Protein chains: 2
Amino acid sequence: MDAEEFRKAGKEMVDYVADYLENIRDRRVLSEVEPGYLHKLIPTEAPQEPEKWEDVMSDIERVIMPGVTHWHHPQFHAYFPTANSYPSLVADILSGAIGCIGFSWIASPACTELEVVMMDWLAQMLNLPQGFMSGGKGGGVIQGTASEATLVALLAARSRMVAKLKKTHPEMEEGEILSKLVCYTSDQAHSSVERSALLGAVKCHKVVSNDREEMKGDALKAAIEEDIQKGLLPFFVVATLGTTPSCAFDKTLEIGPVCIEADLWMHVDSAYAGSAFICPEFRPLLDGIEHADSFNFNPHKWLLVNFDCSAMWFKDTTYVVDAFNVDPLYLQHDHQGKVPDYRHWQIPLGRRFRSLKLWFVMRMFGVKGIQEHIRKHITLAHQFEDLIKADSRFKVTHEVTMGLVCFRLKDHPNDVNEALLRRLNDDGRIHLVPSSSKGIYFLRLAVCASRTEPKDMVFAYETISELADEVIAKQANTKFENFH
Amino acid sequence: MDAEEFRKAGKEMVDYVADYLENIRDRRVLSEVEPGYLHKLIPTEAPQEPEKWEDVMSDIERVIMPGVTHWHHPQFHAYFPTANSYPSLVADILSGAIGCIGFSWIASPACTELEVVMMDWLAQMLNLPQGFMSGGKGGGVIQGTASEATLVALLAARSRMVAKLKKTHPEMEEGEILSKLVCYTSDQAHSSVERSALLGAVKCHKVVSNDREEMKGDALKAAIEEDIQKGLLPFFVVATLGTTPSCAFDKTLEIGPVCIEADLWMHVDSAYAGSAFICPEFRPLLDGIEHADSFNFNPHKWLLVNFDCSAMWFKDTTYVVDAFNVDPLYLQHDHQGKVPDYRHWQIPLGRRFRSLKLWFVMRMFGVKGIQEHIRKHITLAHQFEDLIKADSRFKVTHEVTMGLVCFRLKDHPNDVNEALLRRLNDDGRIHLVPSSSKGIYFLRLAVCASRTEPKDMVFAYETISELADEVIAKQANTKFENFH
């Protein structure tokens, strides 16, 4: 493919993408293929000779699309949203073409410097404390995912703790220290927190959340004291603002002082809900952030920036650089120390030019346009909440604060609710995933696509209502049959 | 930006990208900006109102390009190559638009299944042992970077070792085990290996390489025995095929049997050179791979697939899944176990649809086209090698096998060679980075861009020759002045 062919193919793809996204309603949101469908459709070996572009292009509909679950379909309500916007797609074309690997400043100064400024723009939009911004000890960086951000925070905190103990307890060996380190998070936290502890070879104590699914300061304090009694070494706390199961908010205003008193690193994970804090009316939910050592949210979830773009800030970047720095000659350069070398702030060495997406999106939407997007999703969630509340068969199980509504059939046990979820996904008009907490199974409807409209909330409700009738009737029949 | 504006802006960007890449020779390869240049060119805050597309587009040349080090410039010879090709760029437009998060099969079956088949295609092209392919216990996965692949392999190996010791030595506590684990790699290995050990909280023993910079089986064996004597627990070896400093090849045919005898996990990292093994004449360099537990190379370096796409295979995927699996309800689905859920094979949870790039590139170039690309780079490297060898001031310091030539001024000490490197990068006509080994500093010229031609090798040699004259003359003057 030479430049002229690329101009043709690239533009054809731009049109295909616009057509795909504008007409996405015509597709089935959830793929119907069976496992192993794809290998039957394509050869078992790569071709020896080049193929024609037309053949590759036409295989998108034949091979790929049947197996796509359409995350940007207005009736996709599973997990949490992943962002997709036109300015972001255009920025990524440029990012790919520049194709620089921004592991150090010199490897492409624009890649590092635009990221520094974009992270400051974002910090201002969130009204983060000044200490997280560039210019002092703090700073922001784009990670790939919230899982990586949590792991990076844990490793930095581990490094800080080991260094501290080596000073205060020079008799302790590193292996002994490691075997006693314990981190804390809510029993509602994302599985990636427990996984970070597993990978970082430290213990993870899940603090029992209250009946609103929140981690409270006193519960954390009790957990820490219990572990200190056992001879363990508490070092790290992950508080979640907007949990994955039900979008609950840990009490960071209580947790912060507990962490400061016990000298623990507090990381605040607000992967999904964080985007909403750019709206002044939701910013109070971030209060307590002044106590945090690190903070993370995903513009790639709800801020119109395509995956991957997970924004992370540190109050003091010394610790992460200490944890990650191994510096051979071929990566050194004359300007070291004046600007961040982001390779010391992350797990991978290489990195793409991801700040371009942030820049294009913030400029093409403006802060007001992005706020509008957030507010629209939250309004849609409340619309769906009202529809569910008005139906006496259902109950909304958790307070609706953001774009997530958790609900269940209130007079039926878990298995009937499970049957309803399965029936909905088999039906395929809308796509949801379930969750459960404290023994109660519930359905989660997340407002995901930027194209979701009020009519889609009505459609979702009506589909759920129709299939609930069916599942309840079947259930009654089964009972009746069992009775006879 | 609505769909019509996207069609216009997207096509404009496609043209910009084609123009940028076709005319990249007209730019200076190495950016000349000073640290902090960018924040002076753009506002300190995000705009409240949307801006015009034309303003964003015109800022690319004003703000971004002055700070770009052009990795695809024919005279970029630093680090190792990063790939860039038109089919890959087109595939990424599609990947962005589909915008699915492929953490499980159901989240987008095509995303998982195309990856399985593409990794099999690649495995066949490399003539990897059947055990690494899908269908049995083995399988391939796309990681982001080789650093992540190494860390994932180390964590899987650590998990296997801990499980084994808990059976054979039930009296040992996990903390004690961890504090005694030790991994091995050559003193020539990439810094990411040492970093993986640091993050994984295990010791790293750097085995001294021989005078050809290779890790030998007997040296590894001696290191293992020394550590066992000290009461340590060897568990993991990283062998490198094509080291970063000088493109040396560890002796995997010797190392493999040592690992098997001592029951250590052998990971083979061939991030750069791995692509060349698709050419039958270079495949013997991969011999010994049959002893490996995991293998990794980066199509995003030398196989025309844009960053990030790091191909990794396991002989038995059980261990990595065991190391990473923490499985909450909202991520479970009905088809679990039948197809890989790639979230258990990697550090992040989310993942992009990266196999599309592999598919487009393999089809649009064909295996023969990709082989041609590899052979062209290696031929260019030998051309440059011959130019350097014909100049009595220089010596080629390491055998040239792939697209990297290491050389130095032979009758001058390190500081003069350092001065030459600095002078070259200040001059900016070509861009190189240095390395050193066993006290000897040398310059590395890597053939990187797909647009590099024989004339660029002549240009690189002539530039180096000219500036060497200058540096040597200056050196002589300094000596003369010091003498008087």
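In case you missed it, the structure is sitting above this.
Overview of the structure. (Residues numbered from 1 in each chain as written. Chains lettered and ligands numbered in written order. Predicted model: local features only at pLDDT ≥ 70, side-chain atom pairs only at ≥ 80, totals over all residues.)

1. Quick look at the overall build of chain A
Secondary structure summary: chain A contains 14 helices and 11 strands in total. Taken against the 2.2 N^0.38 rule, which gives 23 Å for 484 residues, the C-alpha radius of gyration of chain A at 25 Å falls within 12% of a compact globule. Reported as C-alpha extents along the three principal axes, the dimensions of chain A are approximately 75 × 65 × 45 Å. (Helix = DSSP H or I, 4+ residues; strand = E, 2+ residues; numbered from the N terminus. Rg over C-alpha atoms; globule rule 2.2 N^0.38 Å.)

2. Description of the packing of helix α3 (residues 86-98) of chain B against helix α12 (residues 355-389) of chain B
All names here are of chain B. The contact between α3 and α12 brings their axes to 8 Å, and the two run at 145°. For the pair α3 and α12, the crossing hand works out as right-handed. Listed contacts from α12 to P87, S88, V90, A91, D92, L94 and S95 of α3 are L356, K357, F360, V361 and M364. Grouping the amino acids of the contact of α3 with α12 by side-chain chemistry returns eight nonpolar, two polar and two charged. (Axes fitted to C-alpha atoms, helices over the stretch in contact; angles between N-to-C directions. Left-handed = near helix turned anticlockwise from the far one by under 90°. Contact = placed C-beta atoms within 7 Å. Nonpolar A, V, L, I, M, F, W, Y, C, P; charged D, E, K, R; others polar.)

3. Some details on the interface of chain A and chain B
Every contact between the two is made by 118 residues of chain A and, on the other side, 117 residues of chain B. Considering each element in turn, the side of chain A that touches chain B owes the most residues, 14 residues, to helix α1 (residues 3-22) of chain A. Across the side of chain A that touches chain B, the residue classes break down as 68 nonpolar, 29 polar and 21 charged.

4. Notes on the environment of I370(B)
Residues and elements named next belong to chain B. With respect to the helices and strands, I370 occurs in helix α12. When the C-alpha atoms of I370 and A276 are compared, they prove to be 9.4 Å apart, with 94 residues separating the residues in sequence. Setting aside chain neighbours within four positions, we find I370 in contact with I278, L303, L304 and F365.

5. Some points on the sheet that holds strand β4 (residues 233-240) of chain A
Residues and elements named next belong to chain A. In space, the seven strands of this open sheet follow the order β1-β7-β6-β5-β4-β2-β3, with mixed pairing throughout. Both outer strands of the open sheet, β1 (139-143) and β3 (203-207), are each paired with one neighbouring strand and no more. Averaged over all pairs of adjacent strands, the angle between their axes in this sheet comes to 20°, without regard to strand direction. One ladder, built from five bridges, connects strand β2 (residues 181-186) with β3; its direction is parallel. Residue pairing across strands places V182 opposite K203, the latter belonging to β3. On top of the sheet, helix α8 (residues 217-229) reaches β2, β3 and β4; it is set at about 140° to β3, its chief contact. (Pairing = 2+ DSSP bridges.)

6. So, the relation of the copies chain A and chain B
Superposition record for chain A on chain B: RMSD 0.0 Å, screw rotation 180°, translation along axis 0.0 Å. Within this description, the copies of the chain are treated as partners about a two-fold rotation axis. Taking C-alpha positions as reference, the residue of chain A nearest the rotation axis is K11(A), located at 2.6 Å. The residues that chain A uses at the interface reappear at the interface of chain B in 99% of cases, marking a shared surface. (Least-squares fit on C-alpha atoms with pLDDT ≥ 70 in both.)

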